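Survey of secondary and tertiary structure
So the chains spell out like this:
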Amino acid sequence: MLPELYNYWVVIVLMMIGFYIVIVQGNLIKKLIGLNIFQTSVFIFYISVGKVAGGSAPILAEGVSVYSNPLPHVLILTAIVVGIATMALALALVVRIKNAYGTVEEEELQERDLRC
Amino acid sequence: MLAGIYGLLSASFFVSMDAVDVAFTEAAVGAGVFPLLMLTALTVTGRYEQTAHRRPRAAFFLVLVTGALLILGTLDMPPFGSPDAPAHTHVAARYIQVSPTEIGIPNMVTSVLADYRAFDTLGEVVVVFTAVVGVLILLTSGEQRQQSSPANAVETMRSHMILRVVSKMLIPLMLLFALYVQFHGDYGPGGGFQAGVIFAAAIILYAMLFGLAKAQAAIKPSILRLLAAFGVLLYGGVGVVSFLTGANYLDYSRLAADPVVGRHIGILAIELGVGITVAAAMILIFYAFAGYATGRAEAE
């Protein structure tokens, strides 16, 4: 029973690593890397849900009757590209913050905001 | 560098779980585009950080508790790879059984992406487009950076002879491969998203090695902006055309006399739209970041 659930645990470990980075790191760039790891863990979760034991890739072929679930593949395929686009948007925001404040450390940013 | 390895690793994960289409995308994005974006952003923001972290122990505790609760939750989940998990018993079964005859193309991922769930995909393309608009507003607003002096930070690799020669041979092949992936997406793994990213990776490689100015001279940002919008427009336009034929929005069955042929045409057209938008979007994002980094390097 238990060994059959290892895929979820890998996902959870990855997700928690990402979560921890997001909480603890004060550097906005590192926070984004943490978010990226978090995001990948969700991707892996979807794909592992779509896997069918003994199944083949969902492309019609002779002599194959069991296919993996194509639906999660579609969702994640688009999510990856959207993810990189939104990540670029976030990085652009960080770059502008650096430009306006001269720092990307969260604490310094808050200090500067309070002083204004 | 680590991010690149991470991307490649997760791509191989996906292959082992039969998701070849996804692996393709992840390999191109995770190992190609993402680390480059990170690097250019880091050159702008500086690589040093202060080391004082806030209360890591409390955070660690919180993470542990959340993780433990999530693991507790998985005990009720269906085992890995079980064929009768709830995820496989509803629409997915229909997609697998019916799509080869109804759509007429072997790659089920493409038929789900571009036909059954074409609305979703349209939404995703619009999100990519919007993100690009956002990046362009953030990074190129204010003073329009002049390309008067093209000496720049991204150009430091010019002196590497081997890299230049190898990439000169590789880039045409990459572009060709992107086109193959684009138009062969119906039969093998591939499609507009993957092709767009691979195409963009080739152009970005060119820009890295030969300088931003040369790449921008070869592929002009103004044209790219038009193309990014054109891709979305093509996608939406196909939907309107299918409207005019009397079918539902993005229902391609009446684009030709035979519904299967009609669907085939529709899928090809929207995949083209997706590919154009994604490629233009990725290149534009890279241009924006690299141009910004260059502008700052010159200012200092």
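Residues numbered from 1 in each chain as written. Chains lettered and ligands numbered in written order. Predicted model: local features only at pLDDT ≥ 70, side-chain atom pairs only at ≥ 80, totals over all residues. Heavy atoms only, no water.

What follows is about the overall build of chain A. Along the backbone of chain A there are four helices and zero strands. Relative to its full complement of 116 residues, chain A shows a buried share of 54%. As presented, chain A carries roughly 5,000 Å² of accessible surface, and 66% of it is formed by carbon and sulfur atoms. (Helix = DSSP H or I, 4+ residues; strand = E, 2+ residues; numbered from the N terminus. Buried < 20%, exposed > 50% of the residue type's maximum accessible area, 1.4 Å probe, protein only. Areas by Shrake-Rupley, 256 points an atom, 1.4 Å probe, with all protein chains shown as cover.)

What follows deals with the confidence of the model for chain B. Residue and element names in this part refer to chain B. With 79% of its residues at a pLDDT of 70 or more, chain B has an overall mean of 75. The secondary structure element of chain B with the lowest average pLDDT is helix 1 (residues 2-16), at 61, and the one with the highest is helix 7 (residues 118-140), at 86. We note a pTM of 0.79 for the whole complex and an ipTM of 0.79 for its interfaces. (pLDDT = per-residue confidence, 0-100.)

Contact with chain B, which involves 81 residues of that partner, is made by 76 residues of chain A. Here chain B packs against chain A, burying approximately 7,000 Å² in sum over the two surfaces, 75% of which is carbon and sulfur. Counting across the interface, chain B meets chain A through zero salt bridges. Along the contact surface separating chain B from chain A lie two residue pairs in polar contact (both at pLDDT 80 or more). Examining the composition of the side of chain B that touches chain A, we find that 14 residues originate from one element, helix 2 (residues 20-45) of chain B, more than from any other. Taken together, the residues that form the side of chain B that touches chain A break down as 55 nonpolar, 17 polar and nine charged. (Contact = heavy atoms within 4.5 Å. Buried area = accessible area lost by both parts, 1.4 Å probe. Salt bridge = Lys/Arg side-chain N within 4 Å of Asp/Glu carboxyl O. Polar contact = N/O pair within 3.5 Å; in protein donor to acceptor, adjacent residues only side chain to side chain. Nonpolar A, V, L, I, M, F, W, Y, C, P; charged D, E, K, R; others polar.)

All names here are of chain A. If you walk through the whole model with that rule in mind, you get five aromatic pairs over all chains. Note on F19 and F38: the rings are 6.5 Å apart at their centroids and 70° apart in plane angle, and the pair reads as edge-to-face. Remark: F38 occurs in helix 2 (residues 28-50) and F19 occurs in helix 1 (residues 6-24); sequence separation between them is 19 residues. Under the relative-accessibility criterion, F38 is labelled partly exposed at 28%. (Phe/Tyr/Trp six-rings, centres within 6.5 Å; stacked < 30°, edge-to-face > 60°.)

Right, let's get into the packing of helix 8 (residues 161-183) of chain B against helix 9 (residues 192-210) of chain B. All names here are of chain B. One way to put it is that helix 8 packs onto helix 9 with a least axis distance of 8 Å and a crossing angle of 165°. Looking at the two axes, helix 8 sits roughly antiparallel to helix 9. As for the relative orientation of helix 8 and helix 9, their crossing is left-handed in sense. Residues L163, R164, S167, K168, I171, M174, L175, F177, A178, V181 and Q182 of helix 8 form the contact with helix 9, whose participating residues are G192, Q194, A195, I198, F199, A201, A202, I203, L205, Y206, L209 and F210. (Axes fitted to C-alpha atoms, helices over the stretch in contact; angles between N-to-C directions. Parallel < 35°, antiparallel > 145°, perpendicular 65-115°, else oblique. Left-handed = near helix turned anticlockwise from the far one by under 90°.)

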